[in-house]
Amino acid sequence: MKGFAMLKIGEVGWIEKDRPKCGPRDAIVRPTALAPCTSDVHTVWEGAIGDRHNMILGHEAVGIVDEVGDEVKDFKPGDRVIVPAITPDWDSEAVQRGYPSQTGGPCGGWKYSNFKDGVFGEYFHVNLADNNLAHLPEGMSQEAAVMITDMMSTGFMGAENAGIELGSTVAVLGIGAVGLCGVAGAKLLGAGRIFAVGTRPISVEVAKKYGATDIISYKNGDTADQILEATDGVGVDGVIVSGGGPEILLDALKMAKAGSKISNNNYFGKGQGEKDTIPLCRVNWGFGMADKDIITGLCPGGRTRMERLADLVTYGRMDPELMVTHTFKGFDKIEDALELMREKPRDLIKPVVLL
Ligand code: NDP
Ligand code: ZN
């Protein structure tokens with residue numbers, strides 16, 4: 001079968017591979033809608049997780065079940081499914097401790113294009129199908145469904161980890177698709193004032209629709225100073241970090257009040273060595289004693305998460321299609337969609353490829 005792969009750091013291309021084999025509890029899925037992710041860009045062009053050779057890319061997919069193993073109970077060939085970007089081993093030790101995305105080591109629940117071939121193939125493998133697939137609800141569009149797999153799950157995690165309470169003031173640093181879902185999640189969790197930081201006009205428009213009350217451009221001066229000024233020097237209760245480079249944590253610390261949570265969604269792209277560090281400002285972190293927590297997380301995966309997010313869409317709480325700015329038709333357009341994700345033109349939030 002054909003797949004679009006990372007050949008090595010900095011190089012992508014089409015390759016031929018054997019169709020994956022289905023274990024007794026697994027499924028083989030044929031994709032019907034795919035989306036590239038900024039994380040694919042970090043992985044390929046920044047070598048963020050190290051070299052991967054001839055590894056099929058992609059982790060955002062909706063599809064049709066083609067084959068299931070003997071022990072799979074709830075899915076059969078022909079079923080239309082949402083496939084979470086993160087497909088944990090649900091019988092592992094990390095799951096029992098409550099961290100399914102980290103099964104088998106840091107970010108181990110992220111298997112696609114990390115430890116095994118991703119979803120940009122004619123077929124792909126799903127481990128533990130009963131736990132890692134969700135039925136596509138009747139009437140839900142492919143475009144909406146593929147936004148659930150990673151963007152909604154990650155962005156909403158950002159809001160969940162920011163400790164938002166009714167009336168909290170929240171800043172969302174970066175309003176690509178992940179940050180936009182952070183804005184939507186903050187609103188649903190009851191935030192009062194929501195600062196959205198970004199400049200792409202299309203993102204600003206959608207941020208307002210998702211509940212942003214204030215728009216800040218990081219190009220108009222120091223982001224934290226702008227937010228501190230707007231809050232009379234007080235700062236914010238929670239920060240959702242979803243854009244920029246490692247220095248963005250300096251902004252987050254500066255605008256965070258005591259007791260606030262800095263919830264990081266970012267995939268920091270460069271540097272493999274043990275001496276490659278990420279900056280924190282000693283003073284704004286109260287010399288390490290400021291009661292400002294930094295919380296990290298990888299996109300939550302699995303079936304229940306997908307079903308709950310799908311309910312938010314089905315029952316009108318969130319319209320993820322607003323983020324789909326570019327639609328391609330045909331498997332061979334994956335390459336163009338990924339290139340677009342790399343270039344990030346001003347009118348882009350997220351491209352989707354329909355097959
Ligand atoms: P985008 O590149 O589409 O969006 C980034 C946003 O950050 C844009 O709004 C951009 O503004 C803004 N930005 C850039 N520089 C700054 C700055 N200095 N200060 C404030 N904002 C800034 O990214 P995505 O939404 O696709 O992804 C966001 C991050 O989440 C990526 O690192 C991605 O890899 C990661 N990710 C993490 C996952 C996880 O499981 N934790 C899962 C999926 C993604 P502008 O409007 O000017 O472009
Ligand atoms: Zn992703």
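Above this note sits the structure.
Residues numbered from 1 in each chain as written. Chains lettered and ligands numbered in written order. Predicted model: local features only at pLDDT ≥ 70, side-chain atom pairs only at ≥ 80, totals over all residues. Heavy atoms only, no water.

A. Main features of the site of ligand 1. Ligand 1 sits among 28 residues. The nearest are Thr-38, Thr-199, Arg-200, Tyr-218 and Lys-344. In the model, an oxygen atom of ligand 1 is placed 2.5 Å from a nitrogen or oxygen of the Thr-199 side chain. The contact in question runs from a nitrogen atom of ligand 1 to an N or O atom on the backbone of Gly-297, over 3.2 Å. Surface burial for ligand 1 is 87%, taken as the share of its 950 Å² of free accessible area covered by protein chains. Listing elements by their share of the shell around ligand 1, those giving two or more residues are α1 (38-45), α4 (142-161) and α5 (177-188). Formed jointly, the shell around ligand 1 draws a minimum of three residues from each of two domains, domain 1 (2-152 + 299-354) and domain 2 (156-296). (Near = heavy atom within 4 Å. Polar contact = N/O pair within 3.5 Å; in protein donor to acceptor, adjacent residues only side chain to side chain. Areas by Shrake-Rupley, 256 points an atom, 1.4 Å probe, with all protein chains shown as cover. Helix = DSSP H or I, 4+ residues; strand = E, 2+ residues; numbered from the N terminus. Domains from an automatic or database assignment.)

B. Spotlight on the environment of Met-6. Counting through the fold element by element, Met-6 comes out in strand β1 (residues 2-8). In this structure, the C-alpha to C-alpha distance between Met-6 and Met-55, residues 49 residues apart in sequence, is 5.3 Å. When neighbours within four sequence positions are excluded, Met-6 is seen to be in contact with Glu-11, Val-12, Thr-43, Val-44, Gly-50, Asp-51, Arg-52, His-53, Asn-54, Met-55 and Leu-57. (Contact = heavy atoms within 4.5 Å.)

C. Structural context of the state of the cysteines. Tallying each qualifying case throughout the model produces 0 disulfides. Here Cys-107 is not cross-linked by a disulfide; its sulfur's nearest cysteine counterpart is in Cys-299, at 11 Å. Residue classification places Cys-107 among the partly exposed residues on the basis of a relative accessible area of 31%. (Disulfide = S-S within 2.5 Å. Buried < 20%, exposed > 50% of the residue type's maximum accessible area, 1.4 Å probe, protein only.)

D. Summary view of the coordination of the zinc ion (ligand 2). In this structure, Cys-37 (SG), His-59 (NE2) and Asp-150 (OD) serve as the protein donors to the zinc ion (ligand 2), at separations of 1.7 to 2.2 Å. Mapped onto the sequence, the donors of the zinc ion (ligand 2) take the spacing C-x21-H-x90-D. Of this pair, His-59 sits in the loop between β4 (55-56) and β5 (60-68) while Asp-150 sits in helix α4; the two residues are 91 residues apart in sequence, bridging distant segments of the chain. Residue classification places His-59 among the buried positions, given a relative accessible area of 3%. (Donors = N, O, S within 2.8 Å, 3.2 Å for Na, K, Ca; no water.)

E. Representation of the packing of helix α7 (residues 223-230) against helix α8 (residues 248-255) in the model. Closest axis-to-axis distance for the α7/α8 pair is 8 Å, and the angle between their directions is 20 degrees. Our classification of the angle between α7 and α8 gives roughly parallel. The way α7 lies across α8 gives a crossing that is right-handed. Contact residues: Thr-223, Ala-224, Asp-225, Ile-227 and Leu-228 in α7; Asp-251, Lys-254 and Met-255 in α8. Of the residues contributing to the contact of α7 with α8, the split by class is 4 nonpolar, 1 polar and 3 charged. (Axes fitted to C-alpha atoms, helices over the stretch in contact; angles between N-to-C directions. Parallel < 35°, antiparallel > 145°, perpendicular 65-115°, else oblique. Left-handed = near helix turned anticlockwise from the far one by under 90°. Nonpolar A, V, L, I, M, F, W, Y, C, P; charged D, E, K, R; others polar.)

F. Inspection of the environment of His-125 at higher detail. One can find His-125 in strand β7 (residues 124-126). Sequence separation between His-125 and Asp-26 is 99 residues, and the spatial gap between their C-alpha atoms is 7.3 Å. His-125 has contacts with Pro-20, Lys-21, Asp-26, Ala-27, Ile-28, Tyr-112 and Lys-116, leaving out every residue within four places of it along the chain. Only 2.9 Å separates the side chain of His-125 from the side chain of Asp-26, close enough to count as a polar contact. At 2.8 Å, the side chain of His-125 forms a polar contact with the side chain of Lys-116.

G. View of the pairing of β1. Where β1 lies against strand β2 (residues 11-16), 6 bridges are found, and the strand directions are antiparallel. For Ala-5, the partnering residue across the bridge sits in β2 and is Gly-13. Taken together, the 2 bridges between β1 and β4 define a ladder with antiparallel strand orientation. Residue pairing in the sheet places Ala-5 in a bridge with Ile-56 of β4. (Pairing = 2+ DSSP bridges.)

H. Representation of the environment of Gly-121 within the structure. Along the polypeptide, Gly-121 turns up in the loop between α2 (93-96) and β7. With a relative accessible area of 0%, Gly-121 lands in the buried category. Remark: the alpha-carbon pair of Gly-121 and Leu-57, spanning 64 residues in sequence, is separated by 8.1 Å. Not counting residues up to four positions away in its chain, the partners in contact with Gly-121 are Met-1, Lys-2, Gly-3, Pro-31, Ile-56 and Phe-331.

I. Structural view of a nonpolar patch on the surface. Side chains of Val-283, Phe-287 and Met-289 sit close together on the surface and give an oily, nonpolar patch of about 350 Å² of accessible area. One can find Phe-287 in the loop between β13 (256-264) and β14 (293-296). (Patch = residues over 30% accessible without salt bridge, like charges linked within 9 Å, V, L, I, M, F, W, Y side chains within 5 Å. Salt bridge = Lys/Arg side-chain N within 4 Å of Asp/Glu carboxyl O.)

By themselves, these figures tell us nothing about what the structure is for.
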